[in-house]
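One-letter residues, chain by chain:
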Amino acid sequence: MALPKVKIDTTEARLNALSLPAAAGWTQTARQDALSRVTEMGLPIKRDEYWRYTDPTALTSVEPVAASVYASENGDVFGSTECLHVVFVDGVFDAEASDELTLDGVTIERLADSQSADIHWAKDLFGALETAGQNPVQRPLATLNTAFATDGLIIRASGKAAKPIHVSYLQTKTDSDAILRHLVQVDAGAEVTLLESGPAAARFNIVTEVSVADTASFHHVRAQGRDHERRAATAIFARLGTESAFKSFTMTANGVMTRNEVVIELTGDDSIAHVAGVCIGAGRDFHHDDTVFITHDAERCESRQVFKKVLRDNATGVFQGKILVKEGAQKTDGYQISQGLLLDDDSNFLAKPELEIYADDVACSHGSTCGAIDETAIYYLRSRGVPKAEATDLLTLAFLAEALDEIDDETIAETLRDRLAIWLERPQG
Amino acid sequence: MLEIKNLHVKLEEEEKQILKGVNLTVEAGKVHAIMGPNGSGKSTLSYVLSGRDGYEVTDGEASLDGEDLLDLEPEERAAAGLFLAFQYPVEIPGVGNMTFLRTAVNAQRKSRGEEELSAADFLKVVRERAKTLKIDADMLKRPVNVGFSGGEKKRNEILQMAMLEPKMCILDETDSGLDVDAMKLVSEGVNALRSEGRSFLVITHYQRLLDHIKPDVVHIMANGRIVKTGGPELALEVENNGYADILAEVE
């Protein structure tokens, strides 16, 4: 079917402004393949089924919209966790600011450096999970990323990582436009945690491909919030082996246009995938979109999607989540909840929860709610002497609690709770 | 202590007058009971005094130790020393009971210009007071009133009262939904808080509760007014003969 003209024009303009790396080494084939795929499918436009609630224009335009650089008086959100720190400034790895890339149980490389070689173990991973994740829903921004990613990390955990890897993004330019790709291979029995925080650029497109082998586990916690004018598309593609575990949590505050996609395929029996997020947003410009697609293609797997959004002052939150249970994926345990808490009458929460099940012995539940704060509970708290604003904050944090409970690391969870409380106490207006 | 004069209240949403001139004075250290048939306005009186939305005071006044209550926000009334034990305590998922209690205690201390209690100090006091109400550690950890039995909810109300140390306590049908043992436990909790400087207004349908919490004065409320006031014997009269005789006598 012919693509709409606006899609062709958008795609052409964007692709013409980008160029493939001159010497892409082992990534060359995947990049060229991605370039032809993205040309063929075209970049997203608002008419596309999975972009109906989110206008992709700011993410597909030739130039990024300028974004101010914000300073914060609060230290890094993962500051109290001992980590291996890796720093990217405006989308470029900063060796000076980063720790030495050595960690027991793990090898870490920079993508840009690795391409001097023609052979690399990650060749089977780079673009492979992204390609597999295009069906049945196209994700052209991720394909664009495969073709044009300029930097990122290649992480291979062969044992239990001695400490988490913390990728800290810094923005110094108001017009930086970053395309980053991380590749993570967690070998059988290995464990690694990836933390991400900070603004990668004025506009950024970050894709992470994660292959979790049998009995391996991958944890991921991400904080988006320091970039008040963030325009970003992120995608995580994960493939899970037998008895493996994948857990990803994202806290989002501030920003203008954020689309976080997570695409997971449970291919080994008895594996688990938990994806959760909290988002707090204010203002007409705030638009946050979580789009999740989990495919059960093995027996006795468990998946959870827990997303909570607090919106005020004309903000918009979107959730599109799907559980697909393939034929033969018996004893699947799938759970999905998405909830919006609207702190005024002007904000919007748009949800599209989906279940598609082809196996006959599964337990899948899903729910989606949207509502205002419980006035009776507010009155109860006030009757005990708690001022209205404080009561509202307390109930808002309580609303977010179920999602925050998805974080295994209690220190990190506590820090995120504190940050959310600070955000809520910030003067409105 | 509590002074209510000619209080007239209607529902905000509709033209329905609920209280039609309530006059009531509760002196310091005294326990007053209000009894009355369903729909007489007893619960409305408690809500209006605590500042719940949805009611409009059309006439009259209410003050606590001379301070006009009706002009204050609910949290300011609480800070002034007013406490309402709810007939239906509210469930708050996601907020631990302990967090709730500590937030309330510290909010009131703050509004009075006192230092907030440290976590350790607070814990000590709450444990001790919870123990006498047979509230275990698990109940303190669970979300406020979520999954609590009827008796647990009412005990939890009394625990809040014990922690907040109000001077004017209103108990709105605290006996509803309680079995005999729970009623005894709750009553003991209330009696332990009786003191010279603290007054109680006990709203109930039944004499039974007043066997445990002995009132100094009993009022009968009907059709939005206090229609009869007497000693504890008045409650017995209601128990034996119902409201019909009293109401007929007043008419």
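An unreviewed UniProt entry annotates chain B as Fe-S cluster assembly ATPase SufC of Marivivens niveibacter.

Chain A appears in an unreviewed UniProt entry as Fe-S cluster assembly protein SufD from Marivivens niveibacter. Looking at chain A in UniProt, the text filed under Sequence similarities (unreviewed entry) is "Belongs to the iron-sulfur cluster assembly SufBD family."

Undergrad: I would appreciate a short explanation of the environment of A:Asp175 in the present structure.
TA: Residues and elements named next belong to chain A. Along the chain, Asp175 falls in the loop between β6 (165-170) and β7 (177-186). As a C-alpha pair, Asp175 and Lys352 span 177 residues in sequence and 33 Å in three-dimensional space. Apart from the residues within four sequence positions on either side, Asp175 is in contact with Pro64 and Ala202.

Undergrad: Would you explain the side chain of B:His8 in this entry?
TA: Residue and element names in this part refer to chain B. In this fold, His8 is placed in strand β1 (residues 2-11). There is a polar contact of 2.9 Å between the side chain of His8 and the backbone oxygen of Asn6. Aside from chain neighbours lying at most four places away, what touches His8 is Gln17, Leu19, Lys20, Gly21, Glu56, Val57, Thr58 and Asp59.

Undergrad: Looking at this structure, I do not really get the nonpolar core. What am I missing?
TA: Soluble globular proteins: nonpolar side chains tend toward being buried together. One finds A:Phe249, A:Leu416, B:Ile4, B:Val22, B:Ile92, B:Met161 and B:Phe200 to be the most contacted residues of the largest nonpolar core, which totals 115 residues. Here this core takes eight residues from helix α8 (residues 388-404) of chain A, the largest share from any one element. If sequence neighbours within four positions are ignored, A:Phe249 has contacts with A:His220, A:Val221, A:Arg222, A:Ala276, A:Gly277, A:Val278, A:Ala403, A:Leu404, A:Ile407 and A:Leu416. Of all hydrophobic cores here, the second largest spans 51 residues; its members include A:Val106, A:Ala178, A:Ala201 and A:Val292.

Undergrad: When you look at the packing of helix α3 (residues 97-111) of chain B against helix α6 (residues 150-164) of chain B in this model, what are you seeing that I'm missing?
TA: A pair of packed helices is captured by two measures, namely the crossing angle of their axes and the spacing between those axes. All names here are of chain B. Taken N-terminus to C-terminus, the directions of α3 and α6 make an angle of 30 degrees; their axes are 10 Å apart at the nearest point. The two elements α3 and α6 cross, and the hand of that crossing is right-handed. Only Asn156, Leu159, Gln160, Met163 and Leu164 of α6 make contact with α3, whose side of the interface consists of Asn97, Phe100, Leu101, Ala104, Val105 and Gln108. Classifying every residue of the contact of α3 with α6 gives seven nonpolar, four polar and no charged.

Undergrad: When you look at unusual backbone geometry in this model, what are you seeing that I'm missing?
TA: With the exception of glycine, most residues fall at negative phi, and the peptide bonds are largely trans. Between A:Asn135 and the following residue, A:Pro136, the backbone shows a cis peptide bond with an omega angle of 5 degrees. Mapped onto the fold, A:Pro136 is located in the loop between α5 (128-132) and α6 (140-148). At A:Arg300, a residue that is not glycine, the phi angle is positive and equals roughly 55 degrees. Residue position: A:Arg300 is located in the loop between β15 (287-296) and β16 (302-312). Taking the relative accessible area as the measure of exposure, A:Arg300 reaches 40% and is therefore partly exposed. A positive phi is found at B:Asp65, a non-glycine position, where the angle reads about 50 degrees. Position of B:Asp65 relative to the elements: it lies in the loop between β4 (55-64) and β5 (67-68).

Undergrad: Explain the packing of aromatic side chains here, please?
TA: Aromatic ring pairs are defined here through the distance separating the ring centres and the angle between the ring planes. One pass over the full model with this rule turns up 10 aromatic pairs over all chains. Here the aromatic rings of A:Tyr380 and B:Phe86 are separated by 4.8 Å at their centres, their planes lie at 85 degrees, and the arrangement is edge-to-face. Residue A:Tyr380 is found in helix α7 (residues 375-383), and its partner B:Phe86 is found in the loop between β6 (82-85) and β7 (92-96); the two belong to separate chains. Judged on exposure class, the residue A:Tyr380 and its partner B:Phe86 are both buried. Of the aromatic side chains, those joined through ring pairs into one cluster are A:Tyr379, A:Tyr380, B:Tyr47, B:Tyr55, B:Phe86 and B:Phe100. It is A:Lys308 that lies over the ring of A:Phe399; its NZ or CZ is 4.9 Å from the centre. Lying across the ring of A:Tyr50, A:Lys352 places its NZ or CZ 4.1 Å from the centre.

Undergrad: Is there a simple way to explain the sheet that holds strand β3 (residues 102-103) of chain A in this structure?
TA: Sheet strands associate in pairs through backbone hydrogen bonding, adopting either a parallel or an antiparallel arrangement. Residues and elements named next belong to chain A. Reading across the sheet, the 10 strands line up as β3-β4-β5-β7-β9-β11-β13-β15-β17-β19 and stay open at both edges, with mixed pairing between neighbours. Edge positions in the sheet fall to β3 and β19 (348-357), since each has one partner strand and no second. Here β15 pairs with strand β17 (residues 316-325) via 10 bridges, running parallel. Each bridged residue has a counterpart across the sheet, and for Val292 the counterpart in β17 is Gly321.

Undergrad: Got a minute to help me understand the sheet that holds β5(B) in this structure?
TA: Residue and element names in this part refer to chain B. The four strands lie next to each other as β2-β1-β4-β5, forming an open sheet whose pairing is antiparallel. The outermost strands of the open sheet, each flanked by one partner alone, are β2 (17-26) and β5. Here β1 pairs with β4 via eight bridges, running antiparallel. For Val9, the partnering residue across the bridge sits in β4 and is Val57. In the packing of helix α1 (residues 42-50) onto the sheet, contacts are made with β1, β2 and β4, and the angle to β1 comes to roughly 105 degrees.

Undergrad: I tried to follow the UniProt feature "domain: SUF system FeS cluster assembly SufBD N-terminal" (unreviewed entry) in chain A on my own but got confused; where do I start?
TA: Under the local residue numbering, the UniProt record ascribes the feature "domain: SUF system FeS cluster assembly SufBD N-terminal" (unreviewed entry) to residues 28-155 of chain A. The annotated region residues 28-155 of chain A carries 28% helix and 14% strand content, and the separation between its end C-alpha atoms amounts to 19 Å.

Undergrad: Would you mind showing me how to read the UniProt feature "domain: SUF system FeS cluster assembly SufBD core" (unreviewed entry) in chain A here?
TA: Within this numbering scheme, the UniProt entry marks residues 173-399 of chain A as carrying the feature "domain: SUF system FeS cluster assembly SufBD core" (unreviewed entry). Along residues 173-399 of chain A one finds 9% helix and 59% strand; the C-alpha atoms at either end are 36 Å apart.

Undergrad: Sorry, what's going on with the pattern of salt bridges here?
TA: Any two side chains of opposite charge can pair if their charged atoms end up close together. Residue and element names in this part refer to chain A. Per the stated rule, a full pass over the model turns up 41 salt bridges over all chains. A salt bridge links Arg110 to Asp151, with the nearest nitrogen and oxygen atoms 2.8 Å apart. Of this pair, Arg110 sits in strand β4 (residues 106-110) while Asp151 sits in the loop between α6 and β5 (153-157), and the two are 41 residues apart along the sequence. You'll find Arg110 and Asp151 in the same group, each marked buried. For the salt bridge of Glu191 with Lys160, the shortest nitrogen-to-oxygen distance reads 4.0 Å. In this pair, Glu191 is assigned in strand β8 (residues 191-197) and Lys160 in the loop between β5 and β6, connecting sequence segments 31 residues apart. The exposure class assigned to Glu191 is partly exposed, which follows from its relative accessible area of 35%.

Undergrad: Would you mind going over the environment of A:Ala142 with me for this structure?
TA: Residue and element names in this part refer to chain A. Along the chain, Ala142 turns up in helix α6. Judged by its relative accessible area of 4%, Ala142 is buried. Along the backbone, Ala142 and Thr208 are 66 residues apart, and their C-alpha atoms lie at a distance of 9.4 Å.

Calculation criteria
Sequence positions are assigned chain by chain, starting from 1 and proceeding in written order. Throughout, the order in which chains and ligands are written sets their labels, letters from A for the former and numbers from 1 for the latter. Note on the predicted model: pLDDT of at least 70 is required for a residue's local features to be given, and 80 or more for side-chain atom pairs to be given and counted; whole-chain, interface and lining totals, by contrast, use all residues. Each side-chain value is derived from all of the structure's non-hydrogen atoms; neither hydrogens nor water enter the calculation. UniProt positions are given in the numbering used here, feature names are shortened, and annotations may be inferred rather than shown by experiment. The numbering of helices and of strands both runs from the N terminus, where a helix is a DSSP run of H or I of at least 4 residues and a strand a run of E of at least 2. Between two residues, a contact is recorded if the distance between any of their heavy atoms is within 4.5 Å. Within 3.5 Å is the distance limit for a polar contact, defined as a pair of N or O atoms, with the added protein rule that one can donate a hydrogen and the other accept it, and that residues adjacent in sequence qualify only through two side-chain atoms. By nonpolar core we mean a set of buried residues, namely Ala, Val, Leu, Ile, Met, Phe, Trp, Tyr and Cys, connected to one another through side-chain atoms within 4.5 Å. The buried label applies to any residue whose accessible area, calculated with a 1.4 Å probe on protein chains only, is under 20% of its type's maximum; exposed applies above 50%, and partly exposed to all values in between. Here, axes are lines fitted to C-alpha atoms. For helices the fit covers the stretch in contact, and angles between N-to-C directions go from 0 to 180 degrees. Here a crossing is taken to be left-handed if its near helix is turned anticlockwise relative to the far helix by less than a right angle, and right-handed if that turn runs clockwise. Classification convention: Asp, Glu, Lys, Arg as charged; Ala, Val, Leu, Ile, Met, Phe, Trp, Tyr, Cys, Pro as nonpolar; all other residues, Gly among them, as polar. Ring pairs are drawn from Phe, Tyr and Trp, using the six-membered ring of Trp, whenever the two centres fall within 6.5 Å, and their geometry is named by plane angle: stacked under 30 degrees, edge-to-face over 60, tilted for the rest. Only when the NZ of Lys or the CZ of Arg is both within 6 Å of the ring centre and within 35 degrees of the ring normal is a charge said to sit over the ring. Only strands that DSSP links by at least two bridges are regarded as paired with each other. Salt bridges are defined by distance alone: a side-chain nitrogen of Lys or Arg within 4 Å of a carboxyl oxygen of Asp or Glu.

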